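Inside the fold
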Amino acid sequence: MRSNRRPYQGPRTQLVVSIDIGTTFSAASVCILQPGTPPVFEEILRWPKQANPDAKVPSLVYYDSSGKPRCFGAETDSPDTKAEADEEGWIKAEWWKLYLRPDYLPKIDGIEIEIPELPPSRTVDDIFADFLEYVKGQLQVHVTSSHGNGESLWNSLYRNMDVVLTTPNGWEGRHQHRMREAAIAAGLVIRGTQVKFVTEAEAAVIYTAESGKINDWLVEDEHLIVCDCGGGTVDITGYRIQNVSPLRLEEMSYPRCYLAGGVFVNQAAKIYLMERLSGSDWDDETTIEHAMQSFERNAKRSFDGKNTFMTVELGGSKGDIKRGIVRGRLKIQKADMISFFEPSIQAIIEGLQETLHEGGDVANKIIIGGGLSNSPHVFSQLQKWASDLGLKLSRPGGPIEKAVTSGALSWYLDASVSSRVAKFHYGTNVAVPFDRNDPEVACRESEKYQDVLGEWKIDGAWSEIVEKNEKIKTGKEYSAWFHRPFTDADELTVSMDLYAYRWSRPPRFIKDPGCNMEKDGFLHLCTVEADLTSCYTAAPYSTARNKKGQRIKYLQARTLKGVESVPHY
Ligand SMILES: Nc1ncnc2c1ncn2[C@@H]1O[C@H](COP(=O)(O)OP(=O)(O)OP(=O)(O)O)[C@@H](O)[C@H]1O
Ligand SMILES: [Mg+2]
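Residues numbered from 1 in each chain as written. Chains lettered and ligands numbered in written order. Predicted model: local features only at pLDDT ≥ 70, side-chain atom pairs only at ≥ 80, totals over all residues. Heavy atoms only, no water.

**Looking at the packing of aromatic side chains**
Under the criterion given, the structure shown has 16 aromatic pairs. Considering the side-chain rings of Phe303 and Phe341, the 6.0 Å spacing of their centres and the 20° angle between planes classify their relative orientation as stacked. On the criterion of sequence distance, the pair formed by Phe303 in the loop between helix H7 (285-302) and strand S14 (309-313) and Phe341 in helix H8 (residues 334-358) is long-range, its members being 38 residues apart. The exposure classification of Phe303 matches that of Phe341, with both residues buried. Consider the rings of Trp462 and Phe522, whose centres lie 5.4 Å apart with planes at 55°: the pair is tilted. Here Trp462, found in strand S22 (residues 456-466), pairs with Phe522, found in strand S26 (residues 522-531); they are 60 residues apart in sequence, far enough to count as distant. The cationic tip of Arg395 hangs over the ring face of Phe379; the distance from NZ or CZ to the ring centre is 3.8 Å. Between the NZ or CZ atom of Lys448 and the centre of the ring of Phe434, over which it lies, the distance is 5.3 Å. (Phe/Tyr/Trp six-rings, centres within 6.5 Å; stacked < 30°, edge-to-face > 60°. Helix = DSSP H or I, 4+ residues; strand = E, 2+ residues; numbered from the N terminus. Buried < 20%, exposed > 50% of the residue type's maximum accessible area, 1.4 Å probe, protein only. Lys NZ or Arg CZ within 6 Å of the ring centre and 35° of its normal.)

Here it is as structure tokens:
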């Protein structure tokens, strides 16, 4: 991709890979950076046992009863594997990415999240690690087989390679942390710092802009909305184009994430099929699974909203006219087909409306991508909605499946997004003086305590470091000063809890009086520890209420690296 990329300026050859683990499909790309040579991106286009070369491979793993992974990706699709899986009692892990979902994502009307159970002995973190190990093997095969000196290249570079992992908009620091740990457990990287994160939507918009397909839309100061309608999530972000060449984008509103992707269309269809077939000759698990495969291959993908009915294959040649089954095929009427898609379409439209509105209603161009946007019905509904509002909607199409991993490599090289909007308020809990005249403090009298210098205090007050919707410049440090008293006898390690607050206005206290749980809307991000010994030895003594000690002022800072927020002292 993009031959006009500038030659790599780094001092030595470096390997960078990007991996997009999707709910239903995954992909990976490689770039070998050689000093003085323009970087070239290579997608992995051949995965084991693929019938046709394809950049995307199913995010599926079969486990045996001891919890050992037996086959991955397209290998799971072969009839031989399926027969072996049945015989040996292997268990299929699918849609497992969604087990990592944050619990604060908005609830979508009409969608009850029911994700297939994980194999008994594996956690979602284990499956991430197993899948990443499989991808690592394929990256190795790609590098060693597609370069003359591939084997020595791989052996000399893989230990220090950087890995860009993509995530939905809704994933926060702790989800990234778990993915990073999985990458280490998979042997993909040795150090956590080798793993970087970018959102799937951001990678997709960078790729789309670079592909030349939306050149007319790339005008300085104009606004764009990108909407990735994937298998699990719908991710929507609004951007302002700061600069066209080199591309510089600025987030206009905080990135949204909805659990409303294509798998929920299948979920609704499966519930419907089970009801329709209940008590019939076709009422068994194998037939339902077969029918769902047929639905996924045909009915779901070709339904355009106008077909009076679609059919799914149940198998055999029997019929049951009353149930609408003819020669082993079940008819699904148009209205029922529409109902499977409706919650996802509504979630996409609401998300787009909110993004437009929060960005000041200045955007009028929308790029949609992701597998679900290929549905003729979904696309026509979105087009209709957009044209009613005078908005332009484009599905750049083409090899969009490469969009995320190629865009992630561009992101790694170019840092095209220069500022982001804080999705949450970020801050910490601090102690405040106990004040009997302040009703919100007085009601916490039972929690008051004397600090080491003898002052009466209450813990758990909110102290903000970054405000929600604030524009955050990439690489800029956001910091706040905090004070804490110590005496010579005290332990000089401090720990601070970092929180995000979701709603518009954070309350003064993180917890209700006498309550151990954080109030609704707070998310505990992490606990940071720091040794303040050097600050203590440098600070002057002060005496309060006959106690001698020091009040140390220390700085807590967060930097935005990619889409990660990195805390440090
Ligand atoms: N023509 C089509 N019509 C309807 N749905 C489609 C069509 N083509 C693909 N899909 C659906 O798109 C989904 C896969 O999209 P995609 O590959 O973008 O998702 P993913 O990357 O696996 O998921 P996510 O990014 O949400 O984790 C599947 O649910 C698939 O059924
Ligand atoms: Mg995806």
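**Here we look at the sheet that holds strand S6 (residues 69-72)**
The strands making up a sheet associate through hydrogen bonds between their backbones, and the pairing can be parallel or antiparallel. If you walk across this open sheet you meet the three strands as S6-S5-S7, and the pairing is antiparallel. Looking along the sheet, the strands with just one partner apiece sit at the ends: S6 and strand S7 (91-93). When strand polarity is set aside, the average angle formed by the axes of neighbouring strands in this sheet is 25°. Of the strand pairs in this sheet, strand S5 (residues 61-63) and S6 are connected by three bridges, and their pairing is antiparallel. Paired with Tyr62 across the two strands is Cys71, which belongs to S6. (Pairing = 2+ DSSP bridges. Axes fitted to C-alpha atoms, helices over the stretch in contact; angles between N-to-C directions.)

**Re the side chain of Thr208**
Residue position: Thr208 is located in helix H5 (residues 200-211). The exposure class assigned to Thr208 is buried, which follows from its relative accessible area of 3%. A distance of 2.6 Å separates a polar atom in the side chain of Thr208 from the backbone oxygen of Ala204. (Polar contact = N/O pair within 3.5 Å; in protein donor to acceptor, adjacent residues only side chain to side chain.)

**Considering empty space enclosed by the protein**
The full count for this structure, using the stated rule, is one cavity of 30 Å³ or more. What the largest cavity holds in volume is close to 50 Å³. Counting only elements with at least two residues in the lining of the largest cavity, the list comes to strand S10 (223-229), strand S11 (234-243) and H8. With three residues, the top contributor of residues to the lining of the largest cavity is S10. (1 Å grid on protein atoms, 1.4 Å probe; cavity = no way out; pocket = protein on both sides within 12 Å on 5 of 7 lines; lining within 4 Å. Points joined across faces, edges and corners; volume = space filled by probe spheres on them.)

**Let's talk about the pattern of salt bridges**
The full count for this structure, using the stated rule, is 27 salt bridges. Residues Glu112 and Lys107 are paired through a salt bridge, measuring 3.9 Å at the closest nitrogen-oxygen approach. When sorted by exposure, Glu112 lands in the same class as Lys107, which is exposed. Put simply, Glu313 and Arg329 hold a salt bridge, and the shortest N to O gap is 3.6 Å. (Salt bridge = Lys/Arg side-chain N within 4 Å of Asp/Glu carboxyl O.)

**Describing the domain arrangement of the chain**
You can read the domains of the chain as domain 1 (14-198), domain 2 (214-395) and domain 3 (425-568). Overall, the association of domain 1 and domain 3 removes approximately 740 Å² of surface from exposure, summing both partners, and the carbon and sulfur fraction of that is 49%. A per-residue breakdown of the area domain 1 buries against domain 3 is headed by Tyr104, Glu172 and Arg174, which together make up 55% of the total. Viewed at the interface, domain 3 and domain 1 are joined by zero salt bridges. Taken together, the connections running from domain 1 to domain 3 amount to one residue pair in polar contact (both at pLDDT 80 or more). Elements that contribute at least two residues to the side of domain 1 that touches domain 3 include exactly helix H4 (173-185) and strand S9 (195-199). The residue makeup of the side of domain 1 that touches domain 3, split by class, is five nonpolar, one polar and three charged. (Domains from an automatic or database assignment. Buried area = accessible area lost by both parts, 1.4 Å probe. Nonpolar A, V, L, I, M, F, W, Y, C, P; charged D, E, K, R; others polar.)

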